[in-house]
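Given next are the chains, with one letter for each unit.
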Amino acid sequence: KNEVEQSPQNLTAQEGEFITINCSYSVGISALHWLQQHPGGGIVSLFMLSSGKKKHGRLIATINIQEKHSSLHITASHPRDSAVYICAARGRVTSGSRLTFGEGTQLTVNP
Amino acid sequence: DTGVSQNPRHKITKRGQNVTFRCDPISEHNRLYWYRQTLGQGPEFLTYFQNEAQLEKSRLLSDRFSAERPKGSFSTLEIQRTEQGDSAMYLCASSLVSFGGYTFGSGTRLTVV
């Protein structure tokens, strides 16, 4: 069992739909990152959160520390949101704060 | 500061050749990480530096791999005697110890033929 698991692996939506990507982790963390990766490989950090909820534009990220679960929501999805979304658990300072990644969710938003 | 810079962006090499990649982190970031990502998978940790000290190496980093960060600024990752299984995207990221935000480079895509 991977230490960080995401679901679904692939997600196809119609423009305007509300999207949820889930992430569960089994390791102790200092924070949980949500990342976006476009074709070509570049990774952009969307959120880093250690509790509660964060919002940026149409993106919302939540985390439940007790349940070791996080979700990324996209409201009013748009074709430009099509990308791979990756959650990553940030280890504690004693482990160098390195990231353990999920396998990613390929999101395709059709017009 | 233009973020984390990686060079080259793409590298095609013949099996058995040596390759070296470079990462220039954000200048004030004292931590630098190398990750490897194969097709369809999430990145996997390879190694990290705090300033010039290499503090951890993954078991994925075989003896053919070596990384350096000689002055605590840029870092190089060298792969000797490349194998086809080394084909992957090599990602560099940097951060501050005191603040968890990560900044990633665009990666170096290695193809071993």
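Numbers given to residues run from 1 along each chain, matching the order in which its sequence is written. Key to labels: chains lettered from A, ligands numbered from 1, both in the order written. This being a predicted model, a pLDDT of at least 70 is required before a residue's local features are given, and a value of 80 or more before pairs of side-chain atoms are given or counted; all residues contribute to the totals for chains, interfaces and linings. The basis for the side-chain values is all heavy atoms of the structure; hydrogens and waters are excluded.

## Remarks on the sheet that holds strand β8 (residues 75-79) of chain B
Residue and element names in this part refer to chain B. Operational definition: By this definition, two strands are paired if DSSP reports at least two bridges between them. Each helix is a run of H or I in the DSSP string that is no shorter than four residues. Each strand is a run of E no shorter than two, and both are numbered from the N terminus. Think of each axis as a best-fit line through the C-alpha atoms, taken over the contacting stretch in the case of a helix, with angles from 0 to 180 degrees between the N-to-C directions.
A sheet is described by the order of its strands in space; here 4 strands give the open sequence β1-β3-β8-β7, paired in antiparallel fashion. With partners counted over all chains shown, the strands left at the sheet margins are β1 (5-7) and β7 (65-68), one partner each. Strand-to-strand twist in this sheet, taken as the mean axis angle between neighbours without regard to direction, amounts to 15 degrees. Sheet topology note: the β7/β8 ladder contains 4 bridges and is antiparallel. The residue of β8 that forms the bridge with serine 66 is glutamate 78.

## Quick word on the state of the cysteines
Residue and element names in this part refer to chain A. Worth spelling out the cut-off: When two cysteine sulfur atoms are found within 2.5 Å, that pair is recorded as a disulfide.
Taken as a whole, this structure holds 2 disulfides over all chains when the rule is applied. Note on cysteine connectivity: cysteine 23 is disulfide-linked to cysteine 87, with sulfurs 2.0 Å apart. For the disulfide bridge between cysteine 23 and cysteine 87, the dihedral angle about the S-S bond is near 75 degrees, and by the sign convention the bridge is right-handed. Here cysteine 23 is found in strand β3 (residues 19-25), whereas its partner cysteine 87 is found in strand β9 (residues 83-90), with 64 residues between them in sequence.

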